[in-house]
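Tertiary structure, described
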Amino acid sequence: MGRLEDKMVYKAAVCDDCITDAEYMISLLGKWAEKSGNVVKTESFPSAEAFLFHYGEERDFHMLLLDIEMGGRNGVDLAREVRRDNEAVQIVFITGFPDFMAEGYEVSALHYLMKPVSQEKLFAVLDRAAANLRRQEKRLMVVHDRQTDLVSLDQIFYLEAQRQYVDIHTRDGVYRMKTSLREMEASLDRRFFKCQRSFLVNLSHVVQIRTNCVVLKNGEEVPISRGMAEEVGRAVISLF
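Now for a look at the structure at hand. In this numbering scheme, every chain counts its residues from 1 along its sequence in written order. Two thresholds apply to this predicted model, a pLDDT of at least 70 for residue-level local features and 80 or more for giving and counting side-chain atom pairs, whereas whole-chain, interface and lining totals are computed over all residues. Each side-chain value is derived from all of the structure's non-hydrogen atoms; neither hydrogens nor water enter the calculation.

Describing the overall build of the protein chain
Put simply, the rule is: Numbering of helices and strands runs from the N terminus; a helix is a DSSP stretch of H or I covering at least four residues, while a strand is a stretch of E covering at least two. Residue contacts follow a heavy-atom distance rule, with two residues in contact if any of their heavy atoms lie within 4.5 Å. Note on areas: Shrake-Rupley with a 1.4 Å probe; residue coverage comes only from the protein chains shown. For this count, His and the chain ends are skipped, Lys and Arg are scored as positive, and Asp and Glu as negative. Where a charge lies is defined by one atom per residue type, namely NZ (Lys), CZ (Arg), CG (Asp) and CD (Glu).
A count of helical and extended segments in the protein chain gives seven helices and 15 strands. With the C-alpha coordinates of the protein chain rotated into their principal frame, the extents come out at 65 × 35 × 25 Å. Long-range pairs, those at least 24 residues apart, make up 55% of the contacts in the protein chain between residues at least 6 apart in sequence. Accessible area for the protein chain stands at about 12,300 Å²; split by element, carbon and sulfur atoms hold 48% of it. Side-chain charges in the protein chain split into 32 positive and 37 negative, and the spacing between the mean points of these groups amounts to 6 Å.

Digging into the pairing of strand β7 (residues 147-152)
Where we set the bar: At least two bridges found by DSSP between two strands are what make those strands a pair.
Note: strand β6 (residues 139-144) against β7, six bridges, orientation antiparallel. Counterpart to Arg139 in the pairing with β7 is Ser152. Here β6 folds back onto β7 in antiparallel fashion, the turn holding two residues, of which Asp145 has a positive phi close to 50 degrees.

Details of the nonpolar core
For clarity, the threshold we go by: What we call a nonpolar core is a set of buried Ala, Val, Leu, Ile, Met, Phe, Trp, Tyr and Cys residues that are connected through their side-chain atoms within 4.5 Å. We call a residue buried when its accessible area falls under 20% of the maximum for its residue type, exposed when it is over 50%, and partly exposed in between, using a 1.4 Å probe and counting protein chains only.
Ranked by internal contacts, the top residues of the largest apolar core, which has 25 residues, are Tyr10, Trp32, Met63, Leu65 and Leu122. Within the residue set of this core, elements represented by two or more residues are β1 (9-15), α1 (19-36), β3 (63-67), β4 (90-95) and α5 (119-135). A per-element tally of this core places α5 first, with seven residues. Leave out the neighbours within four places in its chain, and Leu122 touches Met25, Leu28, Leu65, Leu113 and Val117. Ala13, Ala48, Ile68 and Ala109 belong to the second-largest nonpolar core, a separate cluster that totals 22 residues.

Points about the environment of Ile68
Along the chain, Ile68 falls in the loop between β3 and α3 (75-83). Spatially, the C-alpha atoms of Ile68 and Val107 are 13 Å apart, while their sequence positions differ by 39 residues.

So, the packing of aromatic side chains
For clarity, the threshold we go by: Pairs were defined over the aromatic rings of Phe, Tyr and Trp, the Trp ring being its six-membered one, requiring ring centres within 6.5 Å. Orientation was assigned from the angle between planes: stacked under 30 degrees, edge-to-face over 60, tilted for the rest. The criterion for a charge sitting over a ring is simple: Lys NZ or Arg CZ within 6 Å of the ring centre, and within 35 degrees of the ring normal.
A complete count under the given rule lists seven aromatic pairs for this structure. Plain terms: the ring middles of Tyr10 and Trp32 are 6.1 Å apart, the flat faces sit at 40 degrees to each other, and that makes the pair tilted. Of this pair, Tyr10 sits in strand β1 while Trp32 sits in helix α1, placing them 22 residues apart in sequence. One exposure class covers both Tyr10 and Trp32, and it is buried. The ring centre of Tyr165 lies 5.8 Å from the NZ or CZ of Arg176, which sits over that ring.

Right, dumping it as C-alpha cells:
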C-alpha cells in the first residue's frame, strides 16, 4: 500500500436505513476515490445503533456520511455521541429534510446534502473533507482505551507490532492500538522506516546506527534486520 506521499487512505462510514441510498453513496465514494487518486475503505450501517456498536471497537473513521432520519436514534444523535471524544472525523449529513441544520452546527458538521444527492455536490464536499484531513496529516489518529487522540508524527519515536496490536512509542508515553503495522505504515510519511519485521522507526530521531540496532534521541534502541545498517543510513541521509 502506498504511503501518504502517493495517496491518502481514508476510512468512511455510510449510515442509512435505506439500502438503496446507502449503496448509491458507496458507489459515489468509490468514484470520488478513483477521480481523486485516493483510497476509500467504506463500511455501511443500517442504523445509528449498528454503527455505534461497531464504533465501540473501531474508532478510526475519517469520514461519516449520516442519514438524519432513521428508525431509532437519528444521525444527529449519532454525531453527538461521536463528537464526545473525536474532533477529527469529518461529518456529512445526508437528508431529505432541512429541519436539523442548527443541530448540525452543534456537532461541527462539514455539510448538509439534500437527497437525492448529486455526484458533483458530493465530490465537492469530499474534496473539502480531504483538505481538512490533509491539514491533519502530520498527526496520527490513535484510537485507544475507547478514545481518539491526534498524535503529532514528530512526537513518535517508533512503532512496534504486538500480535493484533501496535504499540506507538511517543514522547508522552506508549499508546496501544488494535491494528496492524502494515495499516499504520500506510498512515505515516517517509520519516518512518521499516527497519525490522515488527518495527517502524522515525528516522528523524535516529542519532546512531549500529549493526543490530539504531539508537534514538531518547536513548532507546530499536532492533534492525541483519545487513540493514547501510540501508538505514541512506534513508536517514535522504531526509535532509
